Amino acid sequence: MLSAATVHIATPAFDWHAFAPDLVLVATMVVVLVADLLLPDRESWRTSSIAAVGLLGALVPIATLVHSGHDRNLFNGAYVVDHYALALKAFFIIATYITVLLSVDYIREGDYYKGEFYFLLLVSTFGMSIMASSRDLISLFVALETISIPTFVLATFRKHDRASNEAGVKYYLIGVLSSALMLYGMSLIYGVTGATKLSDIAAYMSQHGTVPLVAVAMFLSLVGFAFKVSAVPFHFWAPDTYEGAPTPVTAFLSVASKAGGFVALINIVYFGFFLPNGRAADSWWPVLWVLAALSMTLGNLVALRQTNIVRMLAYSSVAQGGFMLVPFAAAGIAGADGHPGKAAAAMSAVVIYLLIYGAMNLGAFAVVIAVARRTRSAEISSYDGLWEIAPGLAVVMGIFLASLAGVPFFAGWFAKFVMFRAIIDAGTGWAIALGIIAAVNSVIAFFYYARPIRAMIFHAPTTEDRTPIVIPQPLFAAIALTVSVVVVVGIYPQVFARVGELAF
Amino acid sequence: MSALAYPDHITATYYLVLAAILFTIGAVGLLVRKNTLVMFMCIELMLNAANLTFVSFANALNDISGQVIVFFTLVVAAAEVAVGLAIIVAIFRRRQSVNADDVDLLKG
Amino acid sequence: MIAENVVFGIIAAAMALGAIGVVRTKNVVHAALYLVVVLAGGAAQFILLGQEFVAWVQVLVYIGAVIVLFLFGIMLTRAPMHPKDSLDNDLRWPAAVTSLFLVGILVGLLVHTFHADKVDVQRPVRTADVTSSIFTTYIVPFEVVGVLLLGALIGAVVLARKD
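Residues numbered from 1 in each chain as written. Chains lettered and ligands numbered in written order. Predicted model: local features only at pLDDT ≥ 70, side-chain atom pairs only at ≥ 80, totals over all residues.

Things to note about the overall build of chain B
Point 1. Looking only at helices and strands, chain B features 4 helices and 0 strands.
Point 2. Starting at the N terminus and ending at the C terminus, chain B contains elements arranged as α-α-α-α.
Point 3. Buried residues in chain B amount to 75% of all 108 residues.
Point 4. Pairs at least 24 apart in sequence give 48% of the contacts found in chain B among residues at least 6 apart. (Helix = DSSP H or I, 4+ residues; strand = E, 2+ residues; numbered from the N terminus. Buried ≥ 20, exposed ≤ 12 C-beta atoms within 10 Å, placed from the backbone. Contact = placed C-beta atoms within 7 Å.)

A few points about the interface of chain A and chain B
Point 1. Contacts between chain A and chain B engage 33 residues on the former and 32 residues on the latter.
Point 2. Those elements giving two or more residues to the side of chain A that touches chain B turn out to be helix 6 (137-155), helix 7 (162-193) and helix 10 (237-244) of chain A.
Point 3. Examining the composition of the side of chain A that touches chain B, we find that 17 residues originate from one element, helix 7 of chain A, more than from any other.
Point 4. Residue classes in the side of chain A that touches chain B are distributed as 18 nonpolar, 9 polar and 6 charged. (Nonpolar A, V, L, I, M, F, W, Y, C, P; charged D, E, K, R; others polar.)

A short note on the packing of helix 13 (residues 309-336) of chain A against helix 14 (residues 340-375) of chain A
Residue and element names in this part refer to chain A.
Point 1. Interhelical geometry of helix 13 versus helix 14 gives an angle of 170 degrees and a closest axis separation of 7 Å. If you check the angle between helix 13 and helix 14, you find them roughly antiparallel.
Point 2. The residue inventory of the contact of helix 13 with helix 14, partitioned by class, reads 22 nonpolar, 4 polar and 1 charged. (Axes fitted to C-alpha atoms, helices over the stretch in contact; angles between N-to-C directions. Parallel < 35°, antiparallel > 145°, perpendicular 65-115°, else oblique.)

As for the packing of helix 6 of chain A against helix 7 of chain A
Residues and elements named next belong to chain A.
Point 1. Axis separation between helix 6 and helix 7 bottoms out at 9 Å; the angle between their running directions is 175 degrees. As summarised for this structure, helix 6 and helix 7 are arranged roughly antiparallel, according to the angle between their axes. Judged by residue contacts, Leu137, Phe141, Glu145, Ser148, Phe152 and Ala155 of helix 6 engage Ala167, Gly168, Tyr171, Tyr172, Gly175, Ser179, Leu183, Met186 and Tyr190 from helix 7.

Some points on the interface of chain C and chain B
Point 1. Across the contact, 75 residues belong to chain C and 69 residues belong to chain B.
Point 2. When contributions to the side of chain C that touches chain B are tallied by element, the ones reaching two or more residues are helix 1 (2-24), helix 2 (28-48), helix 3 (52-77), helix 4 (92-114), helix 5 (127-135) and helix 6 (139-160) of chain C.
Point 3. When residues of the side of chain C that touches chain B are assigned to their parent elements, the largest contribution, 14 residues, is made by helix 3 of chain C.
Point 4. Partitioned by chemical class, the residues of the side of chain C that touches chain B number 53 nonpolar, 14 polar and 8 charged.

Let's talk about the confidence of the model for chain C
All names here are of chain C.
Point 1. Taken over all residues, the pLDDT of chain C has a mean of 83, while the share at 70 or more is 85%.
Point 2. When pLDDT is averaged over each element of chain C, helix 6 comes out on top at 93 and helix 4 at the bottom at 80.
Point 3. Reported for the predicted complex are a pTM of 0.91 and an ipTM of 0.90. (pLDDT = per-residue confidence, 0-100.)

Digging into the nonpolar core
Note that soluble globular proteins tend to have their nonpolar side chains buried in a common cluster.
Point 1. If you look at the biggest cluster of nonpolar residues, it comprises 324 residues, and the most contacted ones within it are A:Tyr353 and A:Ile356.
Point 2. With 25 residues, the top contributor of residues to this core is helix 14 of chain A.
Point 3. Counting the residues that make up this core, at least three belong to each of domain 1 (1-83 + 114-124) and domain 2 (126-163) of chain C.
Point 4. Setting aside chain neighbours within four positions, we find A:Tyr353 in contact with A:Phe323, A:Met324, A:Pro327, A:Ala415, A:Val418 and A:Met419. (Core = buried A, V, L, I, M, F, W, Y, C linked by C-beta atoms within 7 Å. Domains from an automatic or database assignment.)

Below is the structure:
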């Protein structure tokens, strides 16, 4: 009887090259853990170098995969390594690399577990890297949880601090709730379509149109994702969590982990509910339309009232999330109209916006960390007269804020440009209405991004202390990297436009 | 309503309706309770409802992936609970309360 | 078929009552024990559906590990066993409206969409098929879950450790 029960498991063909970036990340995790064990406590901050080298190392197989040129479909298309996935993997890895640069001195000087910090960052990055390639509900879910669970711990990392504790518990409850909603939605989608692979779900959708139950299931999944990307009205955890978490973790949450949620959203909505002919798009674009309009408007209006720069950046990131949803909704509108080509162009606008937002937001947080090294404060009033104390930092901060606002010839301008182009391409009344809301909000955003700039230039410094702010090398490198991306992309946007075109 | 009128055999719909009811009870619990531990338990109820839905569909569709996804959900849920309780223990070290409403240092 | 109907009905009622118990009880330990009823009922339903593998995983992982973790959490935080004030907040009416809305939509649509689907309990799924599926088609999520568990383990230790 026993022999009847044994099963021969055929070893699946395994493309090691396709998995090389992820394997490098896993190897780095292990080395970081072992090194943390071997190094004496006082030296354990050096694990950051291992993490940084490992992250840069993971870029090598990505480069060779890009060079090899052809798309790789593994497991019948459940795991795809194409240009879209590779571009995002590279983005996630570079964003984490910059986060490591931001963290080195912050973590070294505080009373933290050092090796574990970098280990958890790497686990989260590994989840993002898998997410970029996932085209199946199961691996999508597992990847999203691999992104989220380490970040719950990271948000609570300053565990003797009440604000950090609260940041952690709020983020955790919302995170787990959103995965429960998403999972229930996925279960209904699976039940109706009988498939877990996104391409099969899309095939079902284009054949049968949208069943009412699928619309509800989609709605539940979209609400789950809306929590993850902190879209209004599911954003209320974000400001508290951003303020309470250690600042480098906040930078990571607002860029890498938010981008992870966005990529999950793109994968499930675009590859699952959209392709091959976009007929099912009319069931999800209204949800995204509403989320985009609410996030932009509310995020901006509340950001106007903030006196703390981290909270201001938190609400600004809610609003920026809304701007990113604008071309997404436009893609749905174009798809429902029967223009899959325009929809693909709009989706590449989402990716371009995401990449640019990553560079400018990480940069802004880098400056916040540098200034807080001296002032120990994140109030906007602590930026009074920064121009006199540290003109370099003031200029760089000005560049990041101007870029976030969308001032021409910084990268943020190009992000806004592709967003509006997607709207105009879609062209229907609903699209134009969303475009008008976005335009009004771009103007509102100027006011609050200008406030720290005004404080830096026109207010007198509050202290007599004129000793220059000492910026440690890694932090300097992070600022230099992000500012050069923001300036270069602002002047030669073709660099990123090309990445976006490759993707879709 | 025809399915519910013929109770001579059980259809997948019965299981799905049970799961929907459990999901709703979990969601309500999450809204009305303020003890963090009980809120976790309510989320577990919702996850369990999702699992029951997956398994019923796996049976109705005679498809294996419904079971596989439940296996993964169970593992992930265990990891989530471990981290969540660690966070609660860390909070409790600082302050002797686990009520979500007491956690209101940051607002607005 | 009648016996199966009766068994389903009894377990379903127990699960629903257990779930209401989790939401209603004033004692946190009781809430955890009510949760055991729901989870055990879930495992029983899985067996009724002929899906033994996940039924036993549910018993081992949920009732064996998760509930024990919950009970440890309750003990470590000395959560209120006999609270003077209730565990509820003041969202009762919004919650009632939400629940009616949610259950109405879900049940209505489920009955509308799937009224014809039969459950074929003559067709239990072999555990061997599940494992071979996990180790071939779903090998990537399986490996990722391994990394996730390591991360969760280390994260939980970092947070819960006394220092």
